[in-house]
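Tertiary structure, described
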Amino acid sequence: MSKHHTPTSQPHCPDMRIFAPMQILDGKLVAQTVKESLKTKTAQHLAAGKKQPHLAAVLVGHDGASETYVASKVKNCEETGFKSTLIRLDTTATEAELVAVVEKLNQDTGIDGILVQLPLPKQINEDRIISLIDPQKDVDGFHPVSVGRMVQGLPSFIPATPYGILLLLEHYNIDTQGKHAVVIGRSNIVGRPISILLNRNSYPGNCTVTVCHSHTQNLAGICRQADIIVAALGRPGFLKADMVKEGAVVIDVGITRVPDPSKKSGYAIKGDVDFEAVAPKCSYITPVPGGVGLMTIAALMKNTLYACEQKNIIS
Ligand code: NAP
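Thresholds applied
- The residue numbering used here restarts from 1 in each chain and proceeds along that chain's sequence as written.
- Only residues with pLDDT of at least 70 are given local features in this predicted model, and only at 80 or more are side-chain atom pairs given and counted; all residues enter the totals for whole chains, interfaces and linings.
- Calculated side-chain values reflect all of the structure's heavy atoms, with hydrogen atoms and water omitted.
- Whether a residue is near a molecule or strand depends on its heavy atoms: if one lies within 4 Å, it is near.
- We define a polar contact as two N or O atoms separated by no more than 3.5 Å, with the added condition that, inside protein, one atom must be a possible hydrogen donor and the other a possible acceptor, whereas residues neighbouring each other in sequence contribute only through side-chain atom pairs.
- The Shrake-Rupley method, run with a 1.4 Å probe, gives the accessible areas here. Residue values count only the displayed protein chains as cover.
- Residues are grouped as follows: Ala, Val, Leu, Ile, Met, Phe, Trp, Tyr, Cys and Pro are nonpolar; Asp, Glu, Lys and Arg are charged; all remaining types, including Gly, are polar.
- As a rule, the C-alpha atoms of each element are fitted with a line to give its axis, helices using only the stretch in contact, and angles between N-to-C directions run from 0 to 180 degrees.
- Numbering of helices and strands runs from the N terminus, with a helix taken as a DSSP run of H or I at least four residues long and a strand as a DSSP run of E at least two residues long.
- What sets the label is the angle itself: under 35 degrees gives roughly parallel, over 145 gives roughly antiparallel, 65 to 115 gives roughly perpendicular, and the rest give oblique.
- Rotating anticlockwise by less than a right angle from the far helix to the near helix defines a left-handed crossing, while the corresponding clockwise rotation defines a right-handed one.
- In this description, contact between two residues means that some pair of their heavy atoms is separated by no more than 4.5 Å.
- Three exposure classes are used, based on accessible area relative to the maximum for each residue type with a 1.4 Å probe and protein chains only: buried under 20%, partly exposed in between, and exposed over 50%.
- Strands are labelled as partners when DSSP assigns at least two bridges between them.

This part covers the site of the ligand. Surveying the vicinity of the ligand reveals 22 residues, the closest of which are Arg186, Ser187, Ser214, Ile255 and Thr296. Within the contact set of the ligand, a nitrogen atom lies 3.4 Å away from a backbone nitrogen or oxygen of His213. Between Arg235 and the ligand, the recorded distance is 3.4 Å, taken from a side-chain N or O atom to a nitrogen atom. Protein contact buries 71% of the 930 Å² of open area that the ligand shows by itself. Tallied by class, the residues present in the shell around the ligand amount to 9 nonpolar, 11 polar and 2 charged.

In structure tokens:
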């Protein structure tokens, strides 16, 4: 072979760039890695005579998705060596009843983390309940104190879903510095916090962030400029291939139950990304299921251990 023949070199035509093959961001694998590490730390904790991390989950009513999430959180506690307590209230529970439960958990020194599964029935004011949780036990990171500290870049609990996304980006060593991140959705639990975190002066972070919502004009054009897209709007298959530039990193947060008679459950779980069409254009992409959802629970477990260690420090 001639020394001038270099099969791996790029073609001279500037429009024919070569992109690295797409890689799946495997939430199942990374969540398992995180949980194994937490399990080891918990065992060391116990061997040193320290207390077992203890998460209290409060579930009001019988919403199918909420039941599934809470059951999964309890199961993950067991697998990680944490203690868990599930407190159930009826769908008709009053705000005063839930307030009493939260206040009791706040005062219980055995409980490290408190999560009140959302959404709550309409007779209960969610903001009031979240504000009542002791910020030292706010493992969901929704309390105004946690949010305020996060916005100021101070040590705080980070909401589990955005924290899970950061852990995923970190695990795959994805370059975020100087990248244009487009976040679709501005909710308090996903869109807004991940936009703040990606903008922080740290890793993962230092992105230039555009936050889109239901009033955003030219959303497709904005998405096409993105190096990183976080789709968190709850519209199955919303992000199409023509909205994504070659080589983008796509994080699909969406979880929607779509009727599917072929499934035993009667529904399929769909993300916000048209995965089949979008994936071939990406450098990295999360699947649904098997992506951000599993990372969310792993991140919650991490927050619970932090709470137990009385550290609450996430840099
Ligand atoms: P949400 O509170 O309903 O917020 C949705 C956001 O998307 C809003 O900011 C809304 O804009 C925006 N939006 C809706 N339609 C839009 C459109 N056509 N174009 C642009 N923006 C649009 O939802 P969420 O709680 O953030 O959840 C979003 C999705 O993530 C849901 O599928 C949820 O199930 C899923 N989720 C997954 C996890 C996980 O662990 N993987 C955790 C939490 C949530 P406006 O503000 O203008 O209304």
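Viewed as axis vectors pointing N to C, helix 6 (residues 160-171) and helix 7 (residues 191-199) meet at an angle of 40°, and their least axial separation amounts to 9 Å. By the angle class used here, helix 6 and helix 7 are oblique. Here helix 6 runs over helix 7; the crossing is right-handed. From helix 6, Pro162, Ile165, Leu166 and Leu169 reach across to helix 7, where they touch Pro193, Ile194, Leu197 and Leu198. A class-by-class count of the residues in the contact of helix 6 with helix 7 yields 8 nonpolar, no polar and no charged.

Next up on the list: unusual backbone geometry. In this structure, the amide linkage connecting Leu118 to the following residue, Pro119, adopts the cis form with an omega of 0°. Note that Pro119 resides in the loop between strand 4 (113-116) and helix 4 (126-132). Although it is not a glycine, Asn206 sits at a positive phi angle of roughly 55°. By the element assignment, Asn206 lies in the loop between helix 7 and strand 6 (208-212). By relative accessible area, which is 24% here, Asn206 ends up partly exposed.

Another point: helix 7. Along helix 7, the residues classified as buried are Gly191, Pro193, Ile194, Ser195, Leu197 and Leu198. Check the buried side of helix 7 and you find it contacts helix 5 (144-151), helix 6, strand 5 (180-184), strand 6 and strand 7 (228-231).

The next point concerns the sheet that holds strand 3 (residues 83-89). Reading across from one edge, 3-2-4 is the order of the 3 strands in this open sheet, with parallel pairing throughout. Strand pairing shows two members of the sheet lacking a second neighbour, strand 3 and strand 4, which therefore form its edges. Neighbour to neighbour, the strand axes of the sheet diverge by 15° on average, direction disregarded. Pairing geometry for strand 2 (residues 54-60) and strand 4, over 4 bridges, is parallel. Residue pairing across strands places Ala56 opposite Ile114, the latter belonging to strand 4.

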